Amino acid sequence: MRTSGIAILCSTTGLIGCASAPPTLQGLAGTQWQLASIQSMDDSQGTVRPADSARYVLAFGADGRVSVRLDCNRGSATWRAEPAGTAEPGRASGSLQFGPLASTRVQCGADSLAPRLAGSWPYVRGYVLEPGRLHLSLMADGGILSWVPAR
């Protein structure tokens, strides 16, 4: 009972000692992912796969920061995840939001997915983490960004 009181106190007051790390990391902290596909909910756009998935990387830090490689650009932001009520074995899901992306602005090649990913960045709202896959959902059925563990 005492522990739940502390959790409520931390979440309502934002005490420094309680807020030193994101409220839940749900298996994302310390992981690194490379883009596998961008799936549009619009059938006419379908699914896009990068020519070289290693050119698109997300690295989640335990400190609530995420570093990114978006083709020829590099950047970083904050991230915050909240788990869904209950998780299935081997699977975690919940809400996920990134803070504003600070990045370089190099003009990449014509086939680059960097502009599309950077444009999707503020609309990420949820995640599903399962063995070997991370799916990020965009708000208003905007699509799914699927990632695999970085090599």
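Refer to the structure printed above.
Here the structure is a predicted model, which is why all the values come from computation and not from measurement. In every chain, residue numbers begin from 1 and rise along the written sequence. Thresholds applied to this predicted model are a pLDDT of at least 70 for local features of residues and 80 or more for the giving and counting of side-chain atom pairs; totals over whole chains, interfaces and linings are not thresholded and use all residues. With hydrogens and water excluded, all non-hydrogen atoms of the structure serve as input to the side-chain values.

Asker: Looking at this structure, I do not really get the overall build of the protein. What am I missing?
Answerer: The helix and strand labels rest on DSSP assignments: H or I over at least four residues marks a helix, E over at least two residues marks a strand, and numbering proceeds from the N terminus. Of regular secondary structure, the protein possesses two helices and ten strands. The burial tally for the protein puts 36% of its 151 residues in the buried class. Contacts are assigned to residue pairs that have any heavy atoms within 4.5 Å of one another. Look at the contacts in the protein between residues 6 or more apart in sequence, and 57% of them connect residues 24 or more apart. Calculation of accessible area relied on Shrake-Rupley with a 1.4 Å probe; when residues are assessed, cover is drawn exclusively from the protein chains displayed. As displayed, the protein has an accessible area near 8700 Å², and 54% of this comes from carbon and sulfur atoms. Burial classes follow relative accessibility: with a 1.4 Å probe on protein chains only, a residue under 20% of its type's maximum area counts as buried, one over 50% as exposed, and anything between as partly exposed.

Asker: Before we go on, may I ask you to explain the packing of aromatic side chains in this structure?
Answerer: Centre distance and the angle of the planes are the two values used to describe a pair of aromatic rings. For this analysis, a ring pair means two rings from Phe, Tyr or Trp (six-membered ring only for Trp) whose centres lie within 6.5 Å, classed as stacked if their planes differ by under 30 degrees, edge-to-face if by over 60, and tilted for the remaining angles. Enumeration according to the criterion identifies three aromatic pairs in this entry. Between F60 and W79 the ring centres are 5.0 Å apart and the planes differ by 80 degrees, which places this aromatic pair in the edge-to-face class. Pair noted here: F60 is in strand β3 (residues 56–60) and W79 is in strand β5 (residues 73–83), with a separation of 19 residues, a long-range link. The pair F60 / W79 is uniform in exposure class, with both members buried. Note on F60 and F98: the rings are 6.1 Å apart at their centroids and 25 degrees apart in plane angle, and the pair reads as stacked. Residue F60 is found in strand β3, and its partner F98 is found in strand β6 (residues 92–98); the two are separated by 38 residues along the sequence. An identical accessibility class is assigned to F60 and F98; each is buried. Through pairs of rings, three or more aromatic residues link up here, namely F60, W79, F98 and W121.

Asker: Hey, could you run me through unusual backbone geometry in this one?
Answerer: Most peptide bonds are trans, and most residues other than glycine sit at a negative phi. Of note, D71 is a non-glycine position whose phi angle comes to about 60 degrees, a positive value. Judged by relative accessible area, which is 5%, D71 ranks as buried. Phi at A140 takes a positive value of approximately 55 degrees, unusual for a residue other than glycine. Within the secondary structure, A140 is located in the loop between β9 (133–138) and β10 (143–149).

Asker: What's the story with the environment of G30 in this structure? I'm lost.
Answerer: Along the chain, G30 falls in the loop between α1 (2–13) and β1 (32–39). In this structure G30 comes out as exposed when scored by relative accessible area, which is 67%. Sequence spacing of G30 and D63 is 33 residues, and the spatial spacing of their C-alpha atoms is 9.3 Å. Residues within four places of G30 in sequence aside, it is in contact with F60, G61 and A62.

Asker: Would you mind going over the state of the cysteines with me for this structure?
Answerer: By disulfide we mean two sulfur atoms from cysteines, separated by a distance within 2.5 Å. Scanning the entire structure with this criterion turns up one disulfide. Across the disulfide, C72 is cross-linked to C108 (sulfur-sulfur distance 1.9 Å). Between C72 and C108, the disulfide has an S-S torsion of -100 degrees and is therefore left-handed. On the criterion of sequence distance, the pair formed by C72 in the loop between β4 (65–70) and β5 and C108 in the loop between β7 (102–103) and α2 (114–120) is long-range, its members being 36 residues apart. The exposure class of C72 is partly exposed, given its relative accessible area of 25%.

Asker: Is there a simple way to think about the pairing of strand β8 (residues 124–130) in this case?
Answerer: Each regular strand shows side chains that alternate between the opposite faces of the sheet. For two strands to be treated as a pair, DSSP must find at least two bridges joining them. Relative to β8, β6 runs antiparallel, the two sharing four bridges. Residue S95 lies in a different strand from β8, and its bridge partner there is G126. Pairing of β8 with β9, which is carried by six bridges, proceeds in the antiparallel orientation. Paired with Y127 across the two strands is L136, which belongs to β9. The hairpin turn running from β8 into β9, its antiparallel successor, is two residues long, and G132 in that turn takes a positive phi close to 80 degrees.

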